[in-house]
Amino acid sequence: MANAESGMAVHDECKLRFLELKAKRTFRYIVFKIEEKQKQVIVEKVGEPTQSHQDFAACLPESECRYAVFDYDFVTEENCQKSRIFFIAWSPDIARVRSKMIYASSKDRFKRELDGIQVELQATDPTEMDLDVFKSRAN
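Quick caveat, the model's predicted, so the values are computed rather than measured.

A. Structural detail: the overall build of the chain. On a plain count of helices and strands, the chain comes out with four helices and six strands. Traced from its N-terminal end to its C-terminal end, the chain shows the element sequence β-α-β-β-α-β-β-α-β-α. Taking 14 Å as the expected radius of gyration for a compact globule of 139 residues, we find that the chain reaches 15 Å, a close match to that expectation. Counting only C-alpha atoms and orienting by the principal axes, one finds that the chain spans roughly 45 × 30 × 20 Å. Each of the 139 residues in the chain was classed as buried or not, and the buried ones make up 42%.

Rendered as structure tokens:
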């Protein structure tokens, strides 16, 4: 169903892949892209569970916007293994203005489709979503 605010639909595969990441931990991350011609959000890439934060950061285009979710594993001070699902709104400074506007206006609606996101990050360059940022936001 299209979003009245931005006219953007969400492809069913987006929700299915997210459920697999959340429930079965099938993926480490998912990168989503807006197909402007079809006016819908689609899955662009999935990362295997063995892939790292570095692999994830490397797959985001340096001049195009994307949405992504990342399953971040960490150990608490009490030595407990935990994970947090991060939603990242990737909007590099050098992306097209129209693209940034479309991603910004569609973000909240898209995020609502992905039930189970625990932390949200907005990033305009790689330093805003490096591993230290994930560590500080996870607790």
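Additional details are given in the paragraphs that follow.
B. The arrangement of the layout of surface pockets in detail. Each pocket or cavity is described by its volume, and for the largest pocket that value is around 170 Å³. Along the walls of the largest pocket sit 13 residues, with I34, E36, E64, R96 and S99 positioned nearest its centre. Secondary structure elements with two or more residues in the lining of the largest pocket: β2 (29-35) and α3 (97-113). Among the elements that take part in the lining of the largest pocket, β2 stands out by supplying three residues, more than any other. Among the residues forming the lining of the largest pocket, the class breakdown is four nonpolar, two polar and seven charged.

C. Quick peek at the packing of aromatic side chains. All chains considered together, the criterion is met by 12 aromatic pairs. Judged by centre distance (5.1 Å) and plane angle (40°), the ring pair of F56 and F70 falls under tilted. One end of the pair, F56, is in helix α2 (residues 53-59); the other, F70, is in strand β4 (residues 66-75), and 14 residues separate them in sequence. Of the residues examined, F56 reaches a relative accessible area of 0% and is grouped as buried. For the pair Y72 and F86, a centre-to-centre distance of 5.9 Å together with 90° between the ring planes defines the contact as edge-to-face. Here the residue Y72 occupies a position in strand β4, and F86 occupies one in strand β5 (residues 81-90), the gap between them amounting to 14 residues.

D. A look at the confidence of the model for the chain. Chain-level pLDDT for the chain is 93 on average; 95% of the residues reach the 70-or-more range. Low confidence marks residues 1-5, where pLDDT is under 50. Its contacts with residues over four positions away, or in another chain, come to 12 contacts.

E. Representation of the pairing of β4 within the structure. Most of β4 is tucked away, with eight of its 10 residues classed as buried. Where β2 lies against β4, four bridges are found, and the strand directions are antiparallel. Note that in β4 the partner of Y29 across the bridge is F70. Of the pairings in the sheet, the one linking β4 to β5 comprises 10 bridges and is antiparallel in character. Paired with A68 across the bridge in β5 is I88. With antiparallel pairing between neighbouring strands as the criterion, β4 and β5 make up a hairpin whose turn holds five residues, including N79 at a positive phi of roughly 65°.

F. Structural context of the side chain of H53. Assignment of secondary structure puts H53 in helix α2. Here M129 takes part through its backbone oxygen, which lies 2.8 Å from a polar atom of the side chain of H53. Non-local contacts of H53, meaning those with residues more than four positions away in its chain, are made with F70, M129, D130, L131 and F134.

G. Broad picture of the state of the cysteines. According to the stated counting rule, one finds zero disulfides in the structure shown. Looking at C14, it has no disulfide partner, and the nearest cysteine sulfur is the one in C59, 15 Å off.

Cut-off values and rules
- Residues numbered from 1 in each chain as written.
- Predicted model: local features only at pLDDT ≥ 70, side-chain atom pairs only at ≥ 80, totals over all residues.
- Heavy atoms only, no water.
- Helix = DSSP H or I, 4+ residues; strand = E, 2+ residues; numbered from the N terminus.
- Rg over C-alpha atoms; globule rule 2.2 N^0.38 Å.
- Buried < 20%, exposed > 50% of the residue type's maximum accessible area, 1.4 Å probe, protein only.
- 1 Å grid on protein atoms, 1.4 Å probe; cavity = no way out; pocket = protein on both sides within 12 Å on 5 of 7 lines; lining within 4 Å.
- Points joined across faces, edges and corners; volume = space filled by probe spheres on them.
- Nonpolar A, V, L, I, M, F, W, Y, C, P; charged D, E, K, R; others polar.
- Phe/Tyr/Trp six-rings, centres within 6.5 Å; stacked < 30°, edge-to-face > 60°.
- pLDDT = per-residue confidence, 0-100.
- Contact = heavy atoms within 4.5 Å.
- Pairing = 2+ DSSP bridges.
- Polar contact = N/O pair within 3.5 Å; in protein donor to acceptor, adjacent residues only side chain to side chain.
- Disulfide = S-S within 2.5 Å.

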